[in-house]
Amino acid sequence: MRRTRTAGFAALSLAAALALTACSAGEPGQTDEPAGDGGTATGGGGDSLTIGIKYDQPGLGLQEGSDYTGFDVDVAKYVAEKLGYSEDQIEFVESVSSQRETLLENGSVDMIFATYSITDERKERVAFAGPYFVAGQDLLVASDNTDITGPDTLDGKVLCSVEGSTSAERIRDEHSEGVELYPAQTYSECVELLSAGNVDAVTTDDVILAGYAAQPQYEGQFKVVGNPFSEENYGVGLPQDNDVCEDVNSAISEMVEDGTWEELLKANVGDSFQWNEELNPPEPQPCA
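Because the structure is predicted, anything quoted here is derived from the model rather than measured. (Residues numbered from 1 in each chain as written. Predicted model: local features only at pLDDT ≥ 70, side-chain atom pairs only at ≥ 80, totals over all residues. Heavy atoms only, no water.)

Draft legend 1. Geometry of the overall build of the chain. The helix and strand tally for the chain stands at nine helices and 13 strands. Every one of the 288 residues in the chain was classed for burial, and the buried ones make up 54%. The contacts of the chain with a sequence gap of at least 6 include a subset with a gap of at least 24, amounting to 74%. (Helix = DSSP H or I, 4+ residues; strand = E, 2+ residues; numbered from the N terminus. Buried < 20%, exposed > 50% of the residue type's maximum accessible area, 1.4 Å probe, protein only. Contact = heavy atoms within 4.5 Å.)

Written out as structure tokens, the structure reads:
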């Protein structure tokens with residue numbers, strides 16, 4: 001990895017990260033002004049690495065006080081270490097679904113690990129390394145719900161997903177007839193609405209839903225339907241102009257080969273979660 005960022009760029013990136021974190025008390029992941037390029041041409045370098053993650057996804061990306069936990073977080077730390085960064089050089093920034101491309105484009109973050117599905121449309125604005133996990137879109141419902149068994153049983157139901165996510169777009173494009181889609185800002189908002197009985201189901205990737213269902217405060221309330229209807233390739237979001245994609249891919253491959261990938265996944269989402277073994281662990285795609 002090139003060490004091209006100057007001290008000035010590092011300070012700019014750190015200031016942008018602090019400003020973005022501060023704004024998360026209002027609308028997470030949004031800034032009033034672009035943060036500047038901050039060294040995004042190389043995807044990092046210098047004295048710190050600013051990484052976008054989710055703050056509200058148990059088992060994947062969760063903020064707990066000053067600590068950050070989850071599979072995405074641990075994969076980010078592993079990759080960062082292989083790129084030459086220690087944990088105390090990482091600055092984590094909240095990256096909500098609808099803001100991920102913007103955060104990379106305006107230099108607020110160097111890279112993103114945030115259940116970020118690789119799509120051709122997104123590749124028009126950002127680059128991707130990976131994937132490092134392949135998930136499948138599914139449904140979370142109340143544990144006693146027997147009406148909803150898949151996307152084709154949502155007629156007349158209120159379904160919650162996050163605005164700007166792949167999951168919400170798929171429902172609009174393929175399963176919208178008879179379904180009322182409630183667009184939320186975060187999945188935690190969707191789960192709270194489901195717990196209160198204000199929506200009938202929540203949709204996103206199976207591994208995310210399993211994380212919510214396993215939270216102590218929701219114990220016994222929810223179940224994952226278990227009828228996935230997509231393949232979501234979680235990639236590492238990078239600026240289009242970067243020189244670290246191959247290095248990130250190499251780190252992901254090493255993580256799989258040395259057994260760390262499976263260890264991190266089990267440690268964060270539990271032994272009971274059954275990932276698709278035909279698709280996981282995935283092989284990183286060539287960098288464009």
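Draft legend 2. Structural detail: empty space enclosed by the protein. Inspection of the entire model under this criterion finds two cavities of 30 Å³ or more. Here the largest cavity is characterised by a volume of approximately 70 Å³. Lining of the largest cavity is provided by 14 residues; of these, Thr115, Ser165, Thr166, Tyr187 and Asp205 occupy positions nearest its centre. Secondary structure elements with two or more residues in the lining of the largest cavity: strand S6 (111-117), helix H5 (166-174) and strand S11 (201-205). Within the lining of the largest cavity, the residues separate by chemical class into two nonpolar, seven polar and five charged. Of the volumes computed, that of the second largest cavity is approximately 40 Å³. Broken down by class, the residue content of the lining of the second largest cavity amounts to three nonpolar, three polar and two charged. (1 Å grid on protein atoms, 1.4 Å probe; cavity = no way out; pocket = protein on both sides within 12 Å on 5 of 7 lines; lining within 4 Å. Points joined across faces, edges and corners; volume = space filled by probe spheres on them. Nonpolar A, V, L, I, M, F, W, Y, C, P; charged D, E, K, R; others polar.)

Draft legend 3. Quick look at the sheet that holds strand S2 (residues 56-57). Taken together, the three strands give an open sheet; going across it, the order is S2-S3-S4, and neighbouring strands pair in antiparallel fashion. The sheet is open, and its two edges are formed by S2 and strand S4 (67-69), each paired on a single side. Here three bridges tie strand S3 (residues 61-64) to S4, and the two strands are oriented antiparallel to one another. Looking across to S4, one finds that Leu62 is bridged to Thr69. (Pairing = 2+ DSSP bridges.)

Draft legend 4. Quick look at the nonpolar core. Within the largest apolar cluster, 59 residues are counted, with the highest numbers of intra-cluster contacts made by Met111 and Phe133. Considering every element that reaches this core, the biggest residue donor is helix H2 (residues 71-82), with seven residues. In this view, Phe133 contacts Phe71, Val207, Glu232, Asn233, Tyr234, Trp261, Leu265, Phe273, Trp275, Asn280 and Pro282; residues no more than four positions away in its chain are not counted. Counting residues in each nonpolar core, the second largest holds 10 residues, with Ile112, Ala114, Ile118 and Val126 among its members. (Core = buried A, V, L, I, M, F, W, Y, C linked by side-chain atoms within 4.5 Å.)

Draft legend 5. Local environment of the state of the cysteines. What the rule picks out here adds up to two disulfides. The disulfide partner of Cys160 is Cys190, and the S-S distance across this bridge is 2.0 Å. On the sign convention where negative means left-handed, the S-S torsion of about -75° between Cys160 and Cys190 marks this disulfide as left-handed. Within this pair, whereas Cys160 is found in strand S9 (residues 158-162), its partner Cys190 is found in helix H6 (residues 187-196), the two being separated by 30 residues in sequence. Disulfide pairing is shown between Cys245 and Cys287; the S-S distance is 2.0 Å. Across the S-S bond linking Cys245 and Cys287, the dihedral sits near -90°, which makes this disulfide left-handed. Taken together, the residues span a long stretch of sequence, with Cys245 in helix H8 (residues 245-257) and Cys287 in the segment after helix H9 (260-269) at a distance of 42 residues. Residue class for Cys245 comes out buried when judged on its relative accessible area of 8%. (Disulfide = S-S within 2.5 Å.)

Draft legend 6. Structural context of the environment of Ile118. The topology assignment puts Ile118 in the loop between S6 and helix H4 (120-123). For Ile118, a relative accessible area of 15% gives the class buried. It is 8.5 Å that separates the C-alpha atoms of Ile118 and Val236, two residues lying 118 residues apart in sequence. Those residues in contact with Ile118 that lie beyond four places of it in its chain are Lys123, Phe128, Ala129, Gly130, Pro131, Asn233, Gly235 and Gln285.

Take it as geometry only, folks, not as evidence of what the structure does.
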